[in-house]
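Topology and contacts: notes
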Amino acid sequence: MPATLPALEDHVDVLIVGAGPAGLMLANWLSRFDIKTRIVDKRGTKIFNGQADGLQSRTLEILDSFDFVDRVWRESNHMIEICLWNPDENGKIRRSDRIPDTIPGISRFQQVVLHQGRIERFFLDSIKEHSDIAVERGVLPTAFEFDDAKAADFAAYPITVTVRTLSEEDAMPQQQQQHHKNDDGQEAPVSDGLFRSNLAADDTDDLIRAAETNARINQAESIKAKFVVGCDGAHSWVRRQLGYKLEGDSTDYIWGVLDIIPITDFPDIRQRCAIHSASAGSVMVIPRENKLVRLYIQLQATEHGQNGGKVDRSGITPEIILRSAQQILHPYKLDYSYCDWWTAYQIGQRVGNCFSLKERVFLAGDAVHTHSPKAGQGMNVSMQDTYNLGWKLAHVVKGYSDASILKTYETERKQIAQELIAFDHRFSRLFSGRPAKDVMDEEGISMSEFKAAFEKGNEFASGIAVNYSSSVIIAKQSDAKVQSNQVIGKQQLATGIVVGKRMPSVKVLNQSDARPWHLQELLKSNGRWRIIVFPGQLATRTNMQRMQELGAKLGAQDSFIRRYTPLEQSFDSVIEILTVHAGSRKDVELLDLPEAFHPFDNKIGWDYWKVYADDQSYHEGHGQAYANYGIDSAQGASIIVRPDQYPYRLSSL
């Protein structure tokens, strides 16, 4: 046996296991806080094609808050319209309806598609720009210890994870060798995603044994962490160490996925389509970037394995998937000469029975919820899990917040996961079922019901409908869960802003230079809480006097803002104040307002990017902020917004 090298040891604030979209979103958050973070992934390479591709409106708003949505917007294919295709009285498929893919006016962004590898690339670039955090690929966690006695001390390191570096061969996933003919008529390999599919067996135990066998190459390292976050997929190693489970069921529906450049006479191939055939199954068409089209195809002929559980994936090939698609699309023709990627999966809807261990170990993404991919939710909800968690971890590590806020991760995100599973359960069955032949066909699916579910599901799928319940960081006006000592907001002061739902966006004008901005653009993901002051008409003496008094309190040396501001940091480094006044910006001079509303810095002078007007712009119209937000311009209001853009509380000035 080769001699074993002495184990290394490291201490970190946060260890992230898994470098997919959820893990990278978390690392990206933490890169803004100067927090010692490590992120490991057992796979030796990032994603270059296939996998998840849909980005919903709320996700794009979040990426914009990190300053790289422009890269996504430029490279992606924009989803504008959905076409519904159903069988006519003769069984031939026909276009029965067109509906908008994203509900008009719900967000300043509409759904787009771009493959997961590019999205991960943008995250990696953002992380590198703000920190020295780097993904450690081919690194496998092999052992986990938790010191329960240290769990309540948030300065301690209660978690120990042993990791090993895999050989290059072990770190590469085993893929089936399918081929297609290239332009020269030669056979060329096609990437498959079965190693990530839920039809694939979990290979983690095999990798651990290989790593321990090759101890000389794969030196063990002991990482002691304050927090660990498992973003390591449906087969989550972290979840297994905690003894937690995914609870739910699988359907009998098996779906194949092809990313191809199609050769077809089907007229809506560059539209998103939901296609029900009379008896051959269903197809979802997703037009993608670089002339690609993704087809989600129901496989009719695939049988369960002998154990009655997972399907035997060895019999699934691109050719079988294509033949199923051709039968569904008949009489339209479909073929391809180039296949970029393919996979197959069995629809399953499951939610984790627990999302955290004593607020020190957390699970996110597919590690705590799995569902079908056709609603475009997997990558989106996974990233939004860690977007919710990231700032909370950072604030606890930095000492800005009490550790009690960490409990809200499970209450907020488990609620969303359960709502997602309920939606997906109904939607996937409506999509996979056979169309009803007539009103007496009780076993068939009503196409009018399917359309209604599709339209209603669009708001949920957009991510805009997320509405967090009352907690220590959500102060709703009326909620049965409110504690007797909890701060209560006044929802009636801004009827267009719902406490617990993300801050909606309208155009406002910068007071200093008249440039229009979406208010949401000002809510950058830099970890700051925000007080947005809507003082009403400042040309009114009463409102201006009230503004002066508020500014004096906020800027006082003993104000709560200064109490949370580290001595070496600027006035607004933890809590930022933004102002949107009603009326003409010509009636107000920035420097007539108290300094708290435009802080002064000895190096850069006054801050000209804190005060805005609800006024007519020269080129982009009037945002009507007060009207859209339901705020009385005579009375005004103030809104406290969390670092993740969710209003915490509404109050009067």
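Residues numbered from 1 in each chain as written. Predicted model: local features only at pLDDT ≥ 70, side-chain atom pairs only at ≥ 80, totals over all residues. Heavy atoms only, no water.

Defined as follows: UniProt positions are given in the numbering used here, feature names are shortened, and annotations may be inferred rather than shown by experiment.
Looking at an unreviewed UniProt entry, one finds the chain named FAD-binding domain-containing protein and attributed to Penicillium antarcticum. Entered under Sequence similarities (unreviewed entry) in the UniProt record, the comment concerning the chain runs "Belongs to the PheA/TfdB FAD monooxygenase family."

Let's talk about the packing of helix H1 (residues 21-30) against helix H4 (residues 116-130)
Helix-helix packing is characterised by the crossing angle of the two axes and by the distance between the axes. Where we set the bar: Lines fitted to C-alpha atoms define the axes here, with helix axes fitted over just the stretch in contact, and angles between the N-to-C directions of these axes take values from 0 to 180 degrees. We count a stretch as a helix when DSSP gives it H or I for four or more residues in a row; a strand needs E for two or more, and each element gets its number in order from the N terminus. Here the word oblique covers every angle except those under 35 degrees (roughly parallel), over 145 (roughly antiparallel) and from 65 to 115 (roughly perpendicular). Each crossing is labelled by how the near helix is turned from the far one, with a counterclockwise turn of less than a right angle marking it left-handed and a clockwise turn marking it right-handed. Between two residues, a contact is recorded if the distance between any of their heavy atoms is within 4.5 Å. Polar here means any residue other than Ala, Val, Leu, Ile, Met, Phe, Trp, Tyr, Cys and Pro, which are nonpolar, and Asp, Glu, Lys and Arg, which are charged; Gly is therefore polar.
At a closest axis distance of 9 Å, the pairing of H1 and H4 adopts a crossing angle of 20°. Overall, the two elements H1 and H4 adopt an arrangement that is roughly parallel. Read as a crossing pair, H1 and H4 show a hand that is left-handed. Every residue of H4 that contacts H1 at Pro21, Leu24, Met25, Ala27 and Asn28 is listed here: Gln116, Glu120, Phe123, Leu124, Ser126 and Ile127. For the contact of H1 with H4, the per-class residue count stands at 7 nonpolar, 3 polar and 1 charged.

Structural notes on the sheet that holds strand E7 (residues 112-113)
As a reminder, the rule being used: Strands pair, by our definition, only if DSSP identifies at least two bridges between them.
Read from one edge to the other, the open sheet built from 3 strands follows the order E3-E7-E4, with strand pairing classed as antiparallel. Each having just a single partner strand, strand E3 (54-55) and strand E4 (77-78) make up the two edges of the open sheet. Bridge analysis of E3 against E7 gives 2 bridges, and the strand direction is antiparallel. Within E7, the position partnered with leucine 55 by the bridge is valine 112.

A word on the pattern of salt bridges
Selection criterion: Salt bridge, as applied in this entry: a Lys or Arg side-chain nitrogen positioned within 4 Å of an Asp or Glu carboxyl oxygen. We call a residue buried when its accessible area falls under 20% of the maximum for its residue type, exposed when it is over 50%, and partly exposed in between, using a 1.4 Å probe and counting protein chains only.
Counted according to the given criterion, the structure contains 31 salt bridges. Here glutamate 359 and lysine 407 are joined by a salt bridge, their closest N and O atoms 3.3 Å apart. Taken together, the residues glutamate 359 in the loop between strand E19 (356-357) and strand E20 (361-363) and lysine 407 in helix H10 (residues 407-432) connect sequence positions 48 residues apart. Residue classification places glutamate 359 among the buried positions, given a relative accessible area of 16%. For glutamate 576, the salt bridge goes to arginine 530, with nearest N and O atoms at 2.7 Å. Residue glutamate 576 is located in strand E25 (residues 575-582), and its partner arginine 530 is located in strand E24 (residues 529-534); the two are separated by 46 residues in the primary sequence. Residue glutamate 576 is classed as buried on the basis of its relative accessible area, which comes to 7%.

Digging into the nonpolar core
The condition is simple: In plain words, nonpolar cores are sets of buried Ala, Val, Leu, Ile, Met, Phe, Trp, Tyr and Cys residues tied together by side-chain atoms within 4.5 Å. Start and end positions for the domains come from either an automated domain assignment or a database one.
In this structure, Leu15, Leu55 and Leu393 are the most contacted members of the largest nonpolar core, which totals 94 residues. In terms of residues, this core owes the most to one element, helix H9 (residues 378-398), which gives 8 residues. Summarising the domain contributions, this core has at least three residues from each of domain 1 (8-174 + 181-305 + 312-462) and domain 2 (491-651). Ala494, Phe534, Ala625 and Tyr646 belong to the second largest nonpolar core, which has 30 residues in total.

Things to note about the side chain of lysine 414
Worth spelling out the cut-off: Charge assignment: positive for Lys and Arg, negative for Asp and Glu; neither His nor the chain ends contribute.
Turning to its location among the elements, lysine 414 is positioned in helix H10. No salt bridge is formed by the buried lysine 414; the nearest opposite charge belongs to glutamate 410, separated by 4.1 Å. Contacts of lysine 414, omitting those with residues within four sequence positions, involve Gly352, Asn353, Cys354, Phe355 and Tyr409.

Considering the sheet that holds E24
One open sheet accounts for 7 strands, arranged E23-E22-E28-E25-E24-E29-E30; its pairing is mixed. One side of each edge strand has no neighbouring strand; the edge strands of this open sheet are strand E23 (516-518) and strand E30 (647-651). Adjacent strand axes in the sheet meet at a mean angle of 30° when their direction is disregarded. Pairing of strand E29 (residues 637-641) with E30 involves 4 bridges; the strand directions are antiparallel.

Some words on the confidence of the model for the chain
The predicted coordinates ought not to be read in detail in places where the model reports low pLDDT. Let me state the cut-off plainly: Here pLDDT means the predictor's own confidence in every residue, given as a number from 0 to 100.
Looking at the chain as a whole, the pLDDT averages 86, with 83% of positions reaching at least 70. For the stretch residues 176-183, pLDDT sits under 50, and the model shows 32 contacts to residues farther than four places along the chain or on other chains. Note on residues 480-485: pLDDT under 50 across the span, and 4 contacts to partners over four residues away in sequence or across chains.

Things to note about H1
In terms of burial, H1 is a largely internal element, 10 of the 10 residues being buried. Along H1, the residues that are buried comprise Pro21, Ala22, Gly23, Leu24, Met25, Leu26, Ala27, Asn28, Trp29 and Leu30.

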